[in-house]
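Residue-level structure breakdown
Each chain, letter by letter, is given below.
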Amino acid sequence: MGAISDPYGAHLHHIIPIDFNSIQTLPESHVWHDHSDESSSGVPSADPLSVPVIDLMDPEAPSLMIQACEEWGIFQVIGHGLTKLMDDVESEAEKLFGLPVDQKLKALRSPGGATGYGRPHISPFFDKHMWHEGFTIMGSPVDHAKQLWPQDYQGFCDTMDDYQNQMKALAQKLIHIFFKSLDINFEEFDWLNDSGSSSPSTALQLNSYPPCPDPTRALGMATHTDTSLVTIVQQCKTSGLQVFKDGAGWVLVQPIPGALTVNLGDYLHILSNGVFTSVRHRVVVNQQIQRFSMAYFYSPPRDFTVSPVLSRVLEKVPKYRSLTVKEYVDIKGKHLEKAFSLIQN
Ligand SMILES: C=C1C[C@]23C[C@@]1(O)CC[C@H]2[C@@]12CCC[C@@](C)(C(=O)O1)[C@H]2[C@@H]3C(=O)O
Ligand SMILES: O=C(O)CCC(=O)C(=O)O
Ligand SMILES: [Fe+2]
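For the structure given in this document, a descriptive report is provided here. All figures in this text were calculated on a predicted structure; none of them were measured in a lab. (Residues numbered from 1 in each chain as written. Chains lettered and ligands numbered in written order. Predicted model: local features only at pLDDT ≥ 70, side-chain atom pairs only at ≥ 80, totals over all residues. Heavy atoms only, no water.)

**Considerations on the nonpolar core**
Put simply, the test is: Buried residues of nine kinds, namely Ala, Val, Leu, Ile, Met, Phe, Trp, Tyr and Cys, make up a nonpolar core once their side-chain atoms join them within 4.5 Å. Burial classes follow relative accessibility: with a 1.4 Å probe on protein chains only, a residue under 20% of its type's maximum area counts as buried, one over 50% as exposed, and anything between as partly exposed. Put simply, DSSP H or I for four residues or longer makes a helix, DSSP E for two residues or longer makes a strand, and each gets a number counted from the N terminus.
Phe-135, Phe-178, Phe-179 and Leu-206 are the most contacted members of the largest nonpolar core, which totals 72 residues. The biggest single contributor to this core is helix H5 (residues 154-181), with 11 residues.

**Some words on the pattern of salt bridges**
Formally: Every case where a carboxyl oxygen of Asp or Glu lies within 4 Å of a side-chain nitrogen of Lys or Arg is listed as a salt bridge.
Using the criterion set out here, one finds 9 salt bridges in the structure. Glu-28 serves as the salt-bridge partner of Lys-128, at 3.9 Å between the closest nitrogen and oxygen. Here Lys-128 is found in the loop between strand S4 (116-118) and strand S5 (133-137), whereas its partner Glu-28 is found in the loop between strand S1 (2-3) and strand S2 (53-55), with 100 residues between them in sequence. One salt bridge in this structure joins Lys-95 and Glu-92, with 3.0 Å as the shortest N-O distance. Of the two residues, Lys-95 and Glu-92 both sit in helix H2 (residues 83-97), 3 residues apart, roughly one turn of that helix. Overall, the relative accessible area of 34% leaves Lys-95 in the partly exposed class.

**A few points about the coordination of the iron ion (ligand 3)**
Let me state the cut-off plainly: Here the term donor refers to an N, O or S atom within 2.8 Å of the metal (or 3.2 Å for Na, K and Ca), and because water is left out of the atoms, sites may appear incomplete.
Surrounding the iron ion (ligand 3) are the protein donor atoms His-224 (NE2), Asp-226 (OD) and His-281 (NE2), at 2.1 to 2.2 Å. In primary sequence terms, the donor set of the iron ion (ligand 3) follows H-x1-D-x54-H. Its relative accessible area of 4% is what places Asp-226 among the buried residues.

Structure (C-alpha cells):
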C-alpha cells in the first residue's frame, strides 16, 4: 500500500497535544469564536437540509451518487456490509485515546514525520488550537503500536490493516462510478485496479474530540477540504461534522448507525473541472461525550498528473492547470485553502 505524502510535513512545530482531561476552563489558546448560531440544522424547519443517504444495494445508487457529487460534494452510504469491522475499529480507537497522555506521547509524531499521535496536521496554519487529538496511520501501524502496547499490539494492527483494505476496496468502487460518469477510462490507471507497479497513496486518520468545557467557543477541526480523491469517514454515534453548503450555511452531517460518510477531495474537484466539488467541512465539539471518527484518505500516486477532464463541461475550458500530486501537495502545504486559486487558469 503506498503511503500518502503529508502536505503539511514541512511545518511540524507545536505538535504536542495537551491533557484534555485535566482542563476545567477553555484556555484562551483554544478559543475560536462563538459559532452556535451558524448551523442551519440548529434551526427547526419544515424541510431541514440534509446530506443524501444512499443505499449501495439500490440499483439507482450510481446516479444518486453523481447527483450528490454535483450538489453536495458529500453523501452517506449504507448497505456496504462493513458494520462489524466498523465496530472493531471504533473500540480500538477508544482503547488508544483512553490511554494516559504520557503513554500516548510515546507514539508522538516526530518533527517532519507523518504518522503517529498528535495535533491535526493543519494546526500550524492557525493561531488557535483545536479541541482534538489524532493518530495517523500510513500502511502498517506496527512501529507506533509497539510503542503504545509493547506486548499487545497485534489486535490493533490486524484491525487497522483489515479496515484499510476494506476502505480501499470501497473507495475504488466509488471512484469507478465517479470516473465512469466523467468519461475517464479507469482501465488506464493501474493504481485504481490493484494491478501493475503503482499504488494509490492512502492514510487512515483516527480522530478524538474530548468533552469540552465551552463547546460553542471551541472547534474540534478547523474548516478545510480534504487532500484526497475521496475520503471515507466513520462518524461513530456522536454528531459534530458539519459541511458548508452555499446558500444554507453550516449543515450537520447526522450520524446514522452503520453509515459511512463519503467526502469528495481536492483531486476529484480538479479532475472534474469543478463539476464535482470538494466539500468544505469542520467539526464542532460538545460538553458531554468524547467523539471519535476515522477518516480514510485515498489519493493517486505522487507522480500522477491531475488534469481537468472536459467531457461534462459545455464550455470545454479547463479551470485548473494540470499538475502532479506531489506539486499539489507542496502548494497545499504552503498555502492551505488558497491552493485552488493558485492553480486556477
Ligand atoms: C493524507 C493526508 C490528508 C491529511 C494530511 C495527510 O497527510 C494525513 C492526515 C490528513 C488530515 C486528517 C485530519 C484533517 C486534515 C486536514 C489534517 O490536518 O490531517 C487532513 C489532511 C488533509 O486532508 O489535507
Ligand atoms: O471527525 C470528523 O467527522 C471528520 C474529520 C475530518 O474532517 C478529517 O479527518 O479530515
Ligand atoms: Fe476532513
